[in-house]
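Chain by chain, the residues run as shown.
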Amino acid sequence: MGIKMKLYAVALLLGCLGGSARGASPEAGRKPRLVVLTDIAPGHIEPDDMESMVRLMAYADQVEIEALITTIGWNCDPYPTEWADSLWRVIDAYEHDLPNLMKRSRQKTFLPLGKEAASQTIGYWPSADYLRSRVAMGSTRAGIGVIGAANRSAGSDLIIRLVDEADDRPLWVAAWGGANTLAQAIWQVRQERTPEQLKAFLNKLRLYTITDQDMVYAMRMNRAYSSHQWMRREYAGDLLFIWDESAWLSQCELGSKGWQQYAAMIQGKGQLGKVYPTYKYGVEGDTPSWLHILPNGLHSPDDPRQVGWAGCFRRDMCPDSLTVAWTNWRQPQKGTSRQYEETFYPDIFNDFAARMEWADTGKGNTNPVVVINGDNSLAPVILTAISGQKVELDASGSYDPDNDKLSFKWWVQSDIGNCPQDITLVWKDAHAILTVPDAAQGTEIHMVCQVHDNGSIPLAAYRRIIIKVENSRQ
């Protein structure tokens, strides 16, 4: 696939889009990079990966899908290669719905395939040919015991090439099954490069695992069997590792309880909806792995303390009692994360449903744009303050592309870091005043402005505000 071209003419891109999608992202409009490791299977065997893949396709304008790699999971060791047909079916459905989806960004055509391999801008829908070029087979066997020269695959080689590309964005790996293919890539680099080069390689990676599936389900408590434990143990200081044991369970449970919404508003909507299978065990348990990096203004993925659509995490001892990672498996973090997951679930579902309406009809609702103190980007608003200061925030410049009426809510994420508890926040509609307490010196206060429209399917948008409290009036 070659080295990713970093720069190309903005005019060319805007010409292809027929207009910009919305304000700049935290990285000047570039999508976050995503590799998916999936044990995707036919819907009658295990439908949740296929469900999550359909949802991912509906957000292909928001994340840069660098690789779709089939691999092992709880349901299979070895991975049956014929199961990959389910992935191709989803991409075919995406291709069918693309003309309608592209209307959401007013996109008229595609960049040449070579330029699609450059850093894509938020709002750009990639061609189906681009996605097909990013499909690879990964490890077909599970566990740390198979890691070695014989376990090398097209998937592990692709991950190495992606990390090596001249791109300063981190490469997020979402493990819907086992992360054995990533472990294999790390092992290969360790054999061929210096310790310093290996460290640089690891520093560009981020791993979000949906529980630990590097083994069949009956072995799920055998942590030492998994290559996940090896990665956490050997590279704790260099590999950002998120182990989710909350959001995926919430998504499965809430989706199952609200399945009638999926049947009415997702299934049958466009060709993507037609290939969206009925749930069997839970609904879209793997989706939080990439919701974590979705650029919606709510949080910065590299700081897992900040709550996003996949909840929040703290650096803690893992369930194996040996290794440390960003996780939410035990209290109080599990309860905190679960509360946020339940709170955001309606926004998350509505956002998906509105996109499926676009896939079906080429029309639908679009998200509001939150503007804080004149800043319309998605990056956190960073402010400095001192104890006792009143910080005024103005979101009156926020707007809705469809001219829907907006409603506002302001709140403080009080569970993050060393945020003081006695914060006074007074707000009305688009204006808020936060009084910095005396005990806040040397801390950070994290606020969120949450905006909803009143469209036929109401949609949300967010901005995070981080107030850094200085120690003195100097």
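The structure presented is a predicted model; accordingly, all values stated were derived computationally and were not measured. (Residues numbered from 1 in each chain as written. Predicted model: local features only at pLDDT ≥ 70, side-chain atom pairs only at ≥ 80, totals over all residues. Heavy atoms only, no water.)

1. Concerning the overall build of the protein
Going by this rule: Each helix is a run of DSSP H or I of at least 4 residues and each strand a run of E of at least 2, with the numbering of both proceeding from the N terminus. Throughout, the radius of gyration refers to the C-alpha atoms, and the reference size of a globule is 2.2 Å times the residue count to the power 0.38. Burial classification: accessible surface area is computed with a 1.4 Å probe over protein chains only, and a residue below 20% of its type maximum counts as buried, one above 50% as exposed, and the rest as partly exposed. Note on areas: these come from Shrake-Rupley sampling with a 1.4 Å probe, and a residue is covered only by the protein chains present in the view.
When helices and strands are tallied, the protein shows 14 helices and 15 strands. Whereas a compact globule of 474 residues would reach a radius of gyration of roughly 23 Å, the protein reaches 22 Å, a difference of no more than 12%. Based on the C-alpha atoms only, the size of the protein along its principal axes is roughly 60 × 50 × 45 Å. Counting over 474 residues, the protein shows a buried share of 60%. When the accessible area of the protein is evaluated, it comes to approximately 17,700 Å², of which 53% is carbon and sulfur surface.

2. Details of the sheet that holds strand β9 (residues 381–385)
For clarity, the threshold we go by: Any two strands with at least two DSSP bridges between them are considered paired. Only the stretch in contact is used when fitting a helix axis, every axis being a line fitted to C-alpha atoms; angles between N-to-C directions are given from 0 to 180 degrees.
Read across the sheet, four strands follow the order β9-β15-β14-β11 without closing on themselves; strand pairing throughout is mixed. Here the strands that pair on one side only, and so sit at the sheet edges, are β9 and β11 (406–412). Averaged over neighbouring strand pairs, the angle between their axes works out to 20° when direction is ignored. Here nine bridges tie strand β14 (residues 444–453) to strand β15 (residues 460–469), and the two strands are oriented antiparallel to one another. Note on β15: the bridge partner recorded for Val451 is Ala461.

3. Things to note about the side chain of Thr366
Put simply, the rule is: Under this definition, polar contacts are N or O atom pairs within 3.5 Å; protein pairs additionally need one hydrogen-donor-capable and one acceptor-capable atom, and for neighbouring residues in sequence, both atoms have to be side-chain atoms.
Turning to its location among the elements, Thr366 is positioned in the loop between α14 (333–361) and β9. Residue Thr366 is classed as buried on the basis of its relative accessible area, which comes to 12%. Side-chain polar atoms of Thr366 contact the side chain of Asp402, separated by 2.8 Å.

4. Describing the sheet that holds strand β10 (residues 390–394)
Reading across the sheet, the three strands line up as β10-β13-β12 and stay open at both edges, with antiparallel pairing between neighbours. In this open sheet, the two strands that pair with only one neighbour each are β10 and β12 (424–428). Direction aside, the axes of adjacent strands within the sheet are offset by 15° on average. In this structure, β10 lies alongside strand β13 (residues 431–435), joined through five bridges in antiparallel fashion. Pairing of Glu392 across the sheet is with Ile433, part of β13.

5. Observations regarding the pattern of salt bridges
To keep it simple, the criterion reads: Counted as salt bridges are all cases of a side-chain nitrogen of Lys or Arg within 4 Å of a carboxyl oxygen of Asp or Glu.
Tallied over the entire structure, the rule returns 31 salt bridges. Arg141 is the salt-bridge partner of Asp77, the closest N and O atoms lying 2.6 Å from each other. In this pair, Asp77 sits in the loop between β2 (64–70) and α3 (85–102) while Arg141 sits in the loop between β3 (135–137) and α6 (154–164), placing the two residues 64 residues apart along the sequence. Accessibility expressed as a relative area gives 24% for Asp77, which makes it partly exposed. The partner of Arg152 in a salt bridge is Glu192, and the shortest N-O contact between them spans 4.0 Å. Pair noted here: Arg152 is in the loop between β3 and α6 and Glu192 is in helix α7 (residues 180–192), with a separation of 40 residues, a long-range link.

6. As for the environment of Met265
Test applied: Here a residue-residue contact requires only that any non-hydrogen atoms of the pair lie within 4.5 Å.
With respect to the helices and strands, the residue Met265 is situated in helix α11 (residues 259–265). We classify Met265 as partly exposed; its relative accessible area is 25%. Between the C-alpha atom of Met265 and that of Met356, which follows or precedes it by 91 residues, the distance is 7.6 Å. Not counting the four nearest positions on each side in its chain, Met265 is found in contact with Phe349, Ala353, Met356 and Ile457.

7. Here's the deal with the packing of aromatic side chains
Rules: Pairing of aromatic side chains here covers Phe, Tyr and the six-membered ring of Trp, requires ring centres within 6.5 Å, and sorts the geometry by plane angle: under 30 degrees stacked, over 60 edge-to-face, intermediate tilted.
Evaluated as defined, the whole model comprises 16 aromatic pairs. Centroid distance Trp259 to Tyr279: 5.1 Å. Interplanar angle 55°. Geometry classified as tilted. With Trp259 in helix α11 and Tyr279 in the loop between α12 (270–274) and α13 (288–291), the pair connects residues that are 20 residues apart, well separated along the chain. Taking the relative accessible area as the measure of exposure, Trp259 reaches 8% and is therefore buried. A relative accessible area of 30% means that Tyr279 is categorised as partly exposed. Arranged with centres 4.9 Å apart and planes meeting at 70°, the rings of Tyr262 and Phe349 form a pair that is edge-to-face. Taken together, the residues span a long stretch of sequence, with Tyr262 in helix α11 and Phe349 in helix α14 at a distance of 87 residues. Look at Tyr262 and you get buried, because its relative accessible area is 0%. Aromatic rings pair up to connect Trp259, Tyr262, Tyr276, Tyr279, Phe349 and Phe352 into one cluster.

8. Here's the deal with the pairing of strand β6 (residues 240–244)
Rules: A right-handed crossover is one whose linking path, passing over the helix from the first strand to the second, runs clockwise when the strands point away from the viewer.
Among the five residues in β6, five count as buried, and that is most of the element. Residues Leu240, Ile242 and Asp244 point to one face of β6 and Phe241 and Trp243 to the other, with burial holding for every one of them. Note that strand β5 (residues 205–210) and β6 share five bridges and pair parallel. Residue pairing across strands places Ile210 opposite Asp244, the latter belonging to β6. Note that the unit made of β5, helix α9 (residues 227–234) and β6 has a crossover that is right-handed.

9. Quick word on unusual backbone geometry
Residue Asp77 is joined to Pro78 through a cis peptide bond whose omega torsion reads 10°. Topologically, Pro78 is positioned in the loop between β2 and α3. The residue after Gln331, namely Pro332, is reached through a cis peptide bond having omega 5°. Take Pro332: it is sitting in the loop between β8 (324–327) and α14. Within the chain, Glu284 stands out as a residue other than glycine whose phi angle is a positive 55°. Considering the arrangement of structural elements, one finds Glu284 in the loop between α12 and α13. Given the relative accessible area of 0%, Glu284 is considered buried. With phi around 55°, Asp429 is a residue other than glycine that occupies positive phi space.

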